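# Tertiary structure, described
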Amino acid sequence: MLTINRLSVRDRIRAYLRHPGSFLLLLLVAAAAVVTVATLLFLIGYILVKGVPNLTPELFSFIYNSDNVSMMPAILNTIETAAVTLALSVPFGVGAAVYLVEYAKKGNRLVGLVRITAETLTGIPSIIYGLFGMLFFGTALHWGYSILTGAATLAIMVLPTIMRTTEEALLCVPDSYREGSFGLGAGKLRTIFRIVLPAAAPGILSGIILAVGRIVGETAALIYTAGTVAGMAGLTDSGRTLAIHMYVLSNEGLHKNEANATAVVLLVIVLLIDAVSSWVAKRFEAQKQ
Amino acid sequence: MEQITWNRVREAVVQGIFLATAVISIIAVALICVFLFANGVPAMREIGIAEFLGGTTWKPGNDKYGILPMILGSIYVTGGALVIGVPIGILMAVFLARFCPRRVYRFLKPTVDLLAGIPSIVYGFFGLVVLVPWIREHFDRSNGQSILCACLLLGIMILPTIIGAAEPSIRAVEQSCYEGARALGATHERSVFTVLVPAAKSGIFAAVVLGVGRALGETMAVMMVVGNQPRVPESILAGVRTLTTNIVLEMGYATDLHREALIATGVVLFVFILIINLCFSAIKRSGKE
C-alpha cells in the first residue's frame, strides 16, 4: 500500500504548495517532535556536563560528614528501602493480579471494586501518600520516622504498578498452557505456580523493575515518613534515600558542585533501571511470538 | 479419599489467600480516606470551612489559616502547564502515531519513556539552575522563582503522560477512516487532523485529564521553582504557593492546629484529585461505548 502511494520529493513539494494548510500542520507536528527531543537532550546533557566533572571519590566514602557530603550512605539506604518496599508489595501485587486473572469470575462485583481502587491509587499524588504514611504508619502505628515507615508507604504507592503489569503478563499466557496442565491432572494451585507464573515471570519482573525506578526517584512521599537523617540507617532508624539527599543538598544551596554530581548519579541510576525494565519487557514480547 | 479432600482444602485455602491479597487495594484506599479525613476535617471545622477555603491570609503564627491563595496557585500553575504541555503533547502523539517512519519511532518512543522516568527532584533541580536564572535575566521585576517558571517545568513534565495516553488512542482509530478520507482527496495531514484526531477525541481528552492530575499533584519540582509565597499572585512573574508545596514546606515544624490545617490542605488536594480521577474514568467509559 505504502509503496504504491509513494510520491517523489518534487511531487510532494508540489502537493504541499497546493495545500499550504497541510504544510503548516506538518511543520507544527515536526516542531513538536523537535521540541520534545531537544528538551530531553538538553536536560540530560546539562545534568551530565555540570555533574560529571564534580564526581569525586570523597562523594562515595562510606562515612557521611558535612564536609564530604558523601552520597554512599544515601545509596545504601535507597537499596534497603527498595528491598523492603518490594518485600511488602510484590506478594500483594502479584497475589491480587493472580486472583483477578485466574480466580475471579466475570462480572464479579469485588473485581470491579478492586480495579476502581487500584486506578484511584494510581492517580493519588505522592505527597498524599507521604501524609498518609506519616499519619498511619508513623503516628498511629508508632513507627516514627524510619526506613520501615517509608518503605510501607512506598509499598502502597507502587502496588498498582505491580498489579497492572502482573495482570497484563498473566493475560498473555495462552489458555492452552492452563488446559494442558489441567488435562494432565494438575490442580489449580499447581497450574498457577508451576505453569502460569513461570511463563509470565519476565513480564512480572519488568513491572517490578519499573517499580524500583519509581522508588529510587521518589521524594515527596519519603520526607515525612523515612525522614532526612544523613548516614546509614537500620530498618527502624530515620534515613535519607538518594533522591532526598539530592533534595536536601539543592535546598541548602551550600554544596552546588556536590548537588550537581548527585543529580548525575541519581539520573543515571533511574534511567538504567528503566532501560533494564523495558529490555526485559521486550525480551518477554519476543519470547511470546 | 483423604488425599482428595486434603487437596480440596488446600485449594480453598490458597484461593482465600489470593482473595485476601486482592482486597488490599480496597483496604488501602479506605485507610487513606479515613486517616486523611479524620485528621483534616476537625481542623477545617475549628477554623471554619468558609474561612479555611475562602480566606486569603495564611499566617499560622497569628492563627490565620486561609488556603485560597494556594488553591488559586495550584489552579494557575496547572492551567499554565496545560497551555504549554497539551498542544506539544498532542502534536507529538500525532507525530508518533501517524507521521514518523518506523526507524525514527524506534528511537523516539524510548526518548519519551526517558522523559517519564526522570525523577521529579531532578526536574526541579534543572528548573532551579536553568529556568529560574533564565527568567530572572529576561524578565524585569522577577527574581525568577515564579508561576511562569513552574508552568514551563510542569509543561515539560506532563508531556510523557499526555503523549503516552494519547498516542495509543490515535493509533486505535480504524485504518479505513483514514483511507476513506484519502480516497476523497484529502491530504495526509488533513485526513489525520480532521478525521483521526476527532475520532480519538475521548482518548485524547482522557490523556489531558491525566496530565491535569499529574500537574496538580506534583510537589518537589514545583516547590523548587515556584517561590512559595502564600499570597494571591498579581502576575505570572510573581511567586505563589500551591496546595502540595504548602504541605511539604511547613509540615516539618508544624504543631497542633497548624499541623492539622496542613493535613486539611492535603484533604482539599485529595478531593481535587478524586474528582479528576472520576472524570478520567467517566471519559474512558464513555469512549468505550
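Residues numbered from 1 in each chain as written. Chains lettered and ligands numbered in written order. Predicted model: local features only at pLDDT ≥ 70, side-chain atom pairs only at ≥ 80, totals over all residues. Heavy atoms only, no water.

## Section: the overall build of chain B
Test applied: Helix numbers and strand numbers start at the N terminus; a helix is a DSSP run of H or I with at least 4 residues, a strand a run of E with at least 2. Only C-alpha atoms enter the radius of gyration, while the globule expectation follows 2.2 Å times N to the 0.38, with N the number of residues. Only heavy atoms enter the contact rule, under which two residues are in contact if any of them lie within 4.5 Å. Charge counting follows a simple rule: Lys and Arg are positive, Asp and Glu are negative, and His as well as the terminal groups are ignored. Every charge is mapped onto a representative atom, which is NZ of Lys, CZ of Arg, CG of Asp or CD of Glu.
The secondary structure content of chain B amounts to 13 helices and two strands. On C-alpha atoms alone, chain B measures out to a radius of gyration of 24 Å, which is more than a quarter above the 19 Å that the 2.2 N^0.38 rule sets for 289 residues. When the backbone C-alpha atoms are referred to their principal axes, chain B occupies close to 75 × 70 × 35 Å. Long-range pairs, those at least 24 residues apart, make up 71% of the contacts in chain B between residues at least 6 apart in sequence. Measuring between centres, the 23 positive side-chain charges of chain B sit 8 Å from its 18 negative side-chain charges.

## Considerations on the pattern of salt bridges
Keep this limit in mind: By convention in these notes, a salt bridge is any Lys or Arg side-chain nitrogen within 4 Å of a carboxyl oxygen on Asp or Glu. Between buried and exposed lies partly exposed: a residue is buried under 20% and exposed over 50% of the maximum accessible area for its type, with that area taken using a 1.4 Å probe on protein chains only.
Enumeration over the complete set of coordinates arrives at seven salt bridges over all chains. Its salt-bridge partner being K284 of chain B, residue E119 of chain A comes within 3.5 Å of it at the nearest N-O pair. With E119 of chain A in helix α5 (residues 109-123) and K284 of chain B in helix α13 (residues 256-288), the pair connects residues from two separate chains. Taking relative accessible area as the criterion, E119 of chain A reaches 34% and is therefore assigned partly exposed. Between R171 of chain B and E167 of chain B there is a salt bridge, with the nearest N and O atoms lying 2.8 Å from each other. Placement of both R171 of chain B and E167 of chain B in helix α7 (residues 147-171) is noted, with a separation of four residues, approximately one turn of the helix. The structure contains a network of salt bridges with shared partners spanning E102, D175 and R178 of chain A.

## Considerations on the interface of chain A and chain B
Put simply, the rule reads: Two parts placed together each lose some accessible area under a 1.4 Å probe, and the buried area is that loss summed for both.
Listed as interface residues are 71 residues of chain A and, on the opposing side, 70 residues of chain B. Carbon and sulfur atoms supply 83% of the area that chain A and chain B bury against each other, a total of about 6,400 Å² over both sides. Listed by contribution, the elements that provide at least two residues to the side of chain A that touches chain B are α3 (20-51), α4 (72-103), α5, α6 (126-140), α7 (147-172), α9 (188-217), α10 (242-252) and α11 (256-288) of chain A. Take the side of chain A that touches chain B: its biggest share by element is 17 residues, from α3 of chain A.

## Overview of the domain arrangement of chain A
Residues and elements named next belong to chain A. Note the threshold: Note that the domain bounds were set by an automatic or database domain assignment. Think of a polar contact as two N or O atoms within 3.5 Å of one another; within protein, one of them needs to be a possible hydrogen donor and the other a possible acceptor, and neighboring residues in sequence only count if both atoms come from side chains. In the scheme used here, Gly and all other residues not listed as nonpolar or charged are polar, with Ala, Val, Leu, Ile, Met, Phe, Trp, Tyr, Cys and Pro taken as nonpolar and Asp, Glu, Lys and Arg as charged.
Domain boundaries in chain A define domain 1 (2-54) and domain 2 (59-288). The gap between the C-alpha centroids of domain 1 and domain 2 is 36 Å. Taken together, the contact between domain 1 and domain 2 spans seven residues of the former and nine residues of the latter. Considering only the side of domain 1, the residues that lose the most area to domain 2 are I44, I47 and N54, jointly responsible for 61% of the buried surface there. Across the domain 1-domain 2 interface, the total number found is zero salt bridges. The interface formed by domain 1 and domain 2 contains zero residue pairs in polar contact (both at pLDDT 80 or more). Taken together, the residues that form the side of domain 1 that touches domain 2 break down as four nonpolar, two polar and one charged.

## Regarding the packing of α3 of chain A against helix α4 (residues 68-99) of chain B
To characterise two packed helices, one gives the angle between the axes of the helices and the distance between these axes. To keep things clear, this is the line we draw: Note on definitions: angles span 0 to 180 degrees between N-to-C directions of axes, and those axes are lines fitted to C-alpha atoms, for helices only across the stretch in contact. Roughly parallel covers angles under 35 degrees, roughly antiparallel covers those over 145, roughly perpendicular covers 65 to 115, and oblique covers all other angles.
Packing of α3 of chain A against α4 of chain B leaves a shortest axis separation of 8 Å and a crossing angle of 105°. In this view, α3 of chain A runs roughly perpendicular relative to α4 of chain B, as classed from their interaxial angle. Judged by residue contacts, L26, L28, V29, A32, A33, V35 and T36 of chain A of α3 of chain A engage I88, L91, M92, V94, F95 and F99 of chain B from α4 of chain B. Per-class residue counts for the contact of α3 of chain A with α4 of chain B are 12 nonpolar, one polar and no charged.

## Concerning the state of the cysteines
For the record, the criterion: Sulfur atoms of two cysteines make up a disulfide when they are within 2.5 Å.
Per the counting criterion, the structure on display carries zero disulfides over all chains. Left without a disulfide partner, C151 of chain B is nearest to the cysteine sulfur of C149 of chain B, which lies 9.1 Å away.

## Some words on the confidence of the model for chain A
The test is simple: Per residue, pLDDT measures the predictor's confidence, with a range of 0 to 100.
Per-residue pLDDT for chain A has a mean of 88; in total, 97% of the residues score no lower than 70. Across chain A, α7 of chain A holds the top mean pLDDT of 94, while helix α1 (residues 2-5) of chain A sits lowest at 54.

## Observations concerning the environment of T262 of chain A
All names here are of chain A. Positionally, T262 belongs in helix α11. Sequence spacing of T262 and V101 is 161 residues, and the spatial spacing of their C-alpha atoms is 42 Å. There is a polar contact of 2.7 Å between the side chain of T262 and the backbone oxygen of E258.

## Here's the deal with the packing of aromatic side chains
Aromatic ring pairs are defined here through the distance separating the ring centres and the angle between the ring planes. Put simply, the test is: When two rings of Phe, Tyr or Trp (its six-membered ring) have centres within 6.5 Å they constitute a pair, described as stacked for plane angles under 30 degrees, edge-to-face for angles over 60, and tilted for the intermediate range. Remark: a charge is flagged as sitting over a ring if the NZ atom of Lys or the CZ atom of Arg is within 6 Å of the ring centre and within 35 degrees of the ring normal.
This structure, assessed with the given rule, holds 15 aromatic pairs over all chains. Each ring, one from F132 of chain A and one from F35 of chain B, has its centre 6.2 Å from the other, and the planes form 80°; the classification is edge-to-face. A residue pair is termed interchain when its members come from two chains, as with F132 of chain A in helix α6 and F35 of chain B in helix α2 (residues 24-47). Residues F132 of chain A and F35 of chain B agree in their burial class; the two are buried. By way of ring pairs, the aromatic residues F132, F136, F137 and W143 of chain A together with F35 of chain B are connected into one cluster. In this structure, K188 of chain A packs its charged tip against the face of Y103 of chain A, placed 5.0 Å from the ring centre. Across from the ring centre of Y105 of chain B, 5.0 Å away, lies the NZ or CZ of R171 of chain B, which sits over that ring.

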